[in-house]
Amino acid sequence: MSQTARLRVFALPLTRPSRPAKSSGVGAVAGGGKKEGVAGQDVRPAYVYYHVQSPPEPSSNTKNPNAFKKMMDKALDTWTSFGKEDKASWKYKLYNWGEKVADRVEFEETALKHVNVSFKPTEKNTEPLLDAVKGQFISPRGMTDSLDVWRKHVEHREPYHKRYMLLWSLGLPITAPIGIAPIIPNVPFYFCAWRAWSHWRAWRGTKYLNQLLAASYFESSTNTTLDQIYDRSFVATSDTLSGKDFSSTTSTTTNNDNHSTPDATSSPSPPSSSSSSTTSITSASIEEDEQLLLREADVPVLIEALQLQPSVGPEILRAIEQARLRLRKELKASQQQQQQQQSQSQEQKTSSPSSDDVQAQQRQKKDN
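Residues numbered from 1 in each chain as written. Predicted model: local features only at pLDDT ≥ 70, side-chain atom pairs only at ≥ 80, totals over all residues. Heavy atoms only, no water.

*Asks:* Any chance you could explain the side chain of Arg157 here in plain terms?
*Replies:* With respect to the helices and strands, Arg157 occurs in helix α6 (residues 146-175). Looking at Arg157, the relative accessible area reads 8%, which means it is buried. A polar contact of 3.0 Å, which involves the side chain of Arg157, links it to the side chain of Glu106. Apart from residues lying up to four places away in sequence, Arg157 is in contact with Glu106, Glu108, Glu109, Leu112 and Thr206. (Helix = DSSP H or I, 4+ residues; strand = E, 2+ residues; numbered from the N terminus. Buried < 20%, exposed > 50% of the residue type's maximum accessible area, 1.4 Å probe, protein only. Polar contact = N/O pair within 3.5 Å; in protein donor to acceptor, adjacent residues only side chain to side chain. Contact = heavy atoms within 4.5 Å.)

Next comes the structure, spelled out in structure tokens:
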């Protein structure tokens, strides 16, 4: 039996968990939610791209597609043809806008809606070997309790996509009357229909995966090539991927840079506003670079080593870009919070009387 004849799920960590500010002893984050650190800040789990690879469909399904598949294929061909039109035409502008919107769709939703639910390992009409072989959940060895983390992720996503499927469906009867005007296409209606359909597919994928997880269909596994990619580029130990300890990354970076420790007796002058802003931007970019675990250059190696379809490559690249944007947003919010706390502490120092003023007031009371 070939390796591709079984259901496989690849867990590809994109980032490390968010590091708490000046806290220690943070346990592994084993769920889809957030865990509170010692300093009172939430620890965000690592962003992970889960790719579900199903066995190839039977030849009977590919030769005789149903009516829905034919309709979707025709709609896809029509949409692709818009991208081949003249750049000044409304079709190309609509295609360009739609592609930008598609890039903003959460990569978690995109991965779930591509799950092939036609593969039924527990049905009687499947091959006998498929009933005896469990599905593989493949993750880097640095991810602790990765199967449990994925289970909670799928459980969280099922009601989420069902809710938004219903919400976007409510927009269909509202936007349908716009199509009465024959001059312009009913873009709002098609957009609501596309978002409702996308969430419906993701919801269907979560229901399918939850059924397999409830039947204990998956078993944890490792992949040598996957371990080499993460170990070689990012030294992805179990601590850095699960959120137990973040000090190793900082100490390694400091040792590699060979920065000299300033003398404790020296008193450096306070930096100017321009230099402090430049330093904050540089530190933010360095921290963003440290948080990322998977880079664009690793995607072709993953596709070839894991025997994935070429169409998976752009989806992983999109997930990496979204993870990078989320990191920038988190780091910017963290910097703003730190600046606000520093300004509040300075205001408290200036507003509170000094010890000399208190002593002078006490002497004045005694003299009076």
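There is more to say, and it comes next.
*Asks:* It is not clear to me how the pairing of strand β4 (residues 48-53) should be interpreted in this structure. Could you clarify?
*Replies:* Each regular strand shows side chains that alternate between the opposite faces of the sheet. Where burial is concerned, most of β4 is hidden: six out of the six residues are buried. Of the two faces of β4, the one holding Val48, Tyr50 and Val52 and the one holding Tyr49, His51 and Gln53 are both buried throughout. Strand direction decides the pairing type here: strand β1 (residues 8-13) and β4, joined by six bridges, are antiparallel. Opposite Leu12, over in β4, you have Tyr49 as the bridge partner. (Pairing = 2+ DSSP bridges.)

*Asks:* How do you make sense of the confidence of the model for the chain when you look at a structure like this?
*Replies:* Should pLDDT be low for a region, the predicted coordinates there are not to be read in detail. Of all residues in the chain, 67% attain a pLDDT of 70 or more, and the chain-wide mean is 75. Note on residues 21-33: pLDDT is under 50 here. Beyond four places in sequence and across chains, it has 31 contacts. A low-confidence stretch, residues 124-130 stays under pLDDT 50, and its non-local contacts, those more than four residues away or across chains, total eight contacts. (pLDDT = per-residue confidence, 0-100.)

*Asks:* Would you mind going over helix α3 (residues 90-103) with me for this structure?
*Replies:* Because each turn of an α-helix spans 3.6 residues, side chains separated by three or four positions end up pointing in the same direction. Its 14 residues place the ends of α3 20 Å apart at the C-alpha level, agreeing with the 20 Å of an ideal helix rising 1.5 Å per residue. Those residues of α3 not exposed but buried are Leu94, Gly98, Val101 and Ala102. Summarising the axial view, the buried residues of α3 lie within an arc of 100°, below the 170-degree limit, and thus occupy one face. Across from the buried face of α3, at angles greater than 90 degrees, the exposed residues are Lys93 and Lys100. (Expected span 1.5 Å × (residues − 1). Arc of directions from axis to C-beta.)

*Asks:* Teacher, can you tell me more about the packing of α6 against helix α7 (residues 187-214) here?
*Replies:* At their nearest, the axes of α6 and α7 sit 7 Å apart, and the two run at 150° to each other. When the interaxial angle is binned, α6 and α7 end up roughly antiparallel. Crossing angle aside, the handedness with which α6 passes α7 is left-handed. Along the lines of polarity and charge, the residues of the contact of α6 with α7 split into 19 nonpolar, seven polar and seven charged. (Axes fitted to C-alpha atoms, helices over the stretch in contact; angles between N-to-C directions. Parallel < 35°, antiparallel > 145°, perpendicular 65-115°, else oblique. Left-handed = near helix turned anticlockwise from the far one by under 90°. Nonpolar A, V, L, I, M, F, W, Y, C, P; charged D, E, K, R; others polar.)

*Asks:* Even after reading the chapter, I still don't get the pairing of strand β5 (residues 135-138), so can you show me in this structure?
*Replies:* Here β5 shows two buried faces, one formed by Gly135 and Phe137 and the other by Gln136 and Ile138. Looking at chain direction, β1 and β5 are connected through three bridges and run parallel. By the bridge assignment for β5, Arg8 is matched with Gln136. In this structure, β5 lies alongside strand β6 (residues 218-221), joined through four bridges in parallel fashion. Bridge pairing in β6 links Ile138 to Ser221.

*Asks:* What is the right way to read α6 from this model?
*Replies:* The terminal C-alpha atoms of α6, which comprises 30 residues, lie 43 Å apart, in line with the 44 Å expected from a rise of 1.5 Å per residue. Among the residues of α6, those classed as buried are Ser146, Leu147, Val149, Trp150, His153, Val154, Arg157, His161, Met165, Gly171 and Thr175. Looking at the buried residues of α6, the elements they touch are β1, β4, α4 (107-113), β5, α7 and β6.

*Asks:* Mind showing me how you'd approach the packing of aromatic side chains here?
*Replies:* Centre distance and the angle of the planes are the two values used to describe a pair of aromatic rings. All chains considered together, the criterion is met by twelve aromatic pairs. Pairing Phe137 with Trp150 gives two aromatic rings, centres 5.2 Å apart and planes at 25°, and the pair type is stacked. One end of the pair, Phe137, is in strand β5; the other, Trp150, is in helix α6, with 13 residues separating them in the sequence. Judged on exposure class, the residue Phe137 and its partner Trp150 are both buried. For the pair Phe189 and Tyr190, a centre-to-centre distance of 5.8 Å together with 70° between the ring planes defines the contact as edge-to-face. An aromatic cluster is present here, built from Tyr50, Phe137, Trp150, Tyr217 and Phe218 joined pairwise through their rings. Directly above the aromatic system of Tyr164 lies the positively charged group of Arg163, at a separation of 5.2 Å from the ring centroid. Just above the ring of Trp194 sits the side chain of Arg195; from NZ or CZ to the centre is 5.2 Å. (Phe/Tyr/Trp six-rings, centres within 6.5 Å; stacked < 30°, edge-to-face > 60°. Lys NZ or Arg CZ within 6 Å of the ring centre and 35° of its normal.)

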